[in-house]
Amino acid sequence: MNTIEAIKSRRNIKEFKKEPLDLNKVKEWLEAASYAPNHRMTEPWKIKIVGPQTRAALRHKTDFGGAPVVLLLTSKGSDIEIERTENALAVACFAQNFMLAARSEGAGVFWSSLAGSPQSRAILGVPEEDDVIGIFGVGYPASLPPAKERIPVARKIEEMP
Ligand SMILES: Cc1cc2nc3c(=O)[nH]c(=O)nc-3n(C[C@H](O)[C@H](O)[C@H](O)COP(=O)(O)O)c2cc1C
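Residues numbered from 1 in each chain as written. Predicted model: local features only at pLDDT ≥ 70, side-chain atom pairs only at ≥ 80, totals over all residues.

Trainee: Which residues make up unusual backbone geometry, and what are the values?
Mentor: At Arg-59, a position not held by glycine, the phi torsion is positive, near 50°. With respect to the helices and strands, Arg-59 occurs in the loop between helix H3 (52-58) and strand E2 (69-75). Note on Arg-59: 11 C-beta atoms within 10 Å, which makes it exposed. A positive phi is found at Asp-63, a non-glycine position, where the angle reads about 50°. Topologically, Asp-63 is positioned in the loop between H3 and E2. Given 14 C-beta atoms within 10 Å, Asp-63 falls into the partly exposed group. (Helix = DSSP H or I, 4+ residues; strand = E, 2+ residues; numbered from the N terminus. Buried ≥ 20, exposed ≤ 12 C-beta atoms within 10 Å, placed from the backbone.)

Trainee: Talk me through helix H4 (residues 81-104); I want residue IDs and the actual numbers.
Mentor: For H4, built from 24 residues, the straight-helix expectation of 34 Å at 1.5 Å per residue is met to within 8% by its first-to-last C-alpha distance of 35 Å. Its buried side turned inward, H4 meets helix H1 (3-9), helix H2 (23-33), strand E1 (45-49), E2, strand E3 (108-112) and strand E4 (131-139). Where H4 ends, the next residue or the one after it, Gly-106, has phi of about 85°, a positive value. (Expected span 1.5 Å × (residues − 1). Contact = placed C-beta atoms within 7 Å.)

Trainee: Mind laying out the site of the ligand, listing which residues take part and the relevant values?
Mentor: Close contacts around the ligand come from Arg-11, Asn-12, Trp-111, Ser-112, Ser-113, Gly-134 and Lys-148, and that covers them all. Residue composition of the shell around the ligand, grouped by class: one nonpolar, four polar and two charged. (Near = placed C-beta within 6 Å. Nonpolar A, V, L, I, M, F, W, Y, C, P; charged D, E, K, R; others polar.)

Trainee: A description of the UniProt feature "domain: Nitroreductase" (unreviewed entry) in the chain should follow, citing residues and the corresponding values.
Mentor: Within this structure's numbering, the places UniProt gives as "domain: Nitroreductase" (unreviewed entry) are residues 58-140. As a span, residues 58-140 carries 39% helix and 25% strand, and end to end its C-alpha atoms are 22 Å apart. (UniProt positions renumbered as here; feature names shortened; annotations may be inferred.)

Trainee: Talk me through the packing of H2 against H4; I want residue IDs and the actual numbers.
Mentor: Where H2 contacts H4, the axes come no closer than 8 Å and their chain directions differ by 135°. It follows that H2 is oblique to H4 by the angle criterion. Seen from above, H2 lies across H4 with right-handed handedness. Contacts between H2 and H4 involve Trp-29, Leu-30, Ala-32 and Ala-33 on the former and, on the latter, Phe-94, Asn-97, Phe-98, Ala-101 and Ala-102. Residue classes in the contact of H2 with H4 are distributed as eight nonpolar, one polar and no charged. (Axes fitted to C-alpha atoms, helices over the stretch in contact; angles between N-to-C directions. Parallel < 35°, antiparallel > 145°, perpendicular 65-115°, else oblique. Left-handed = near helix turned anticlockwise from the far one by under 90°.)

This is how it looks when you write it as structure tokens:
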């Protein structure tokens, strides 16, 4: 699968097969993800592998679609506002790299915002200064949902003099 195929066929996966997922595979995709652009090489990503006890405490409504692996992705905070923003942008790039690496090997990812709530942050032990980027169910998709149609990007392009 080439990069454009991986980009266009990625979906937010809400239901996973029961099939286990090799954690070493997940670590390979995380390693690939770490080649994300990041200003001044802050490498601001932090990853937690969320175990069953913590996962149950979060009480996600579908338990992350039954994903065999759940990962928390946070971004290192900073007192300098622009650095904090740029860190979060870099971690979003990391997240997309991760999803594409997983997609290219037949796996899928469920991106959930649940971890951003104060209650979830406390359960997950996220330091106050850090930003939650997302909590991700990872596994083999039960099925691949159809693509959600996008507005043709040509309509978003403006040519400046
Ligand atoms: C920052 C961010 C937060 C998201 N949070 C959620 C979420 O809480 N629940 C959810 O079902 N999807 C969430 N998504 C996934 C989007 O709903 C999904 O990407 C969008 O519907 C487009 O579908 P697709 O990814 O399959 O193309 C999130 C995506 C992003 C980038």
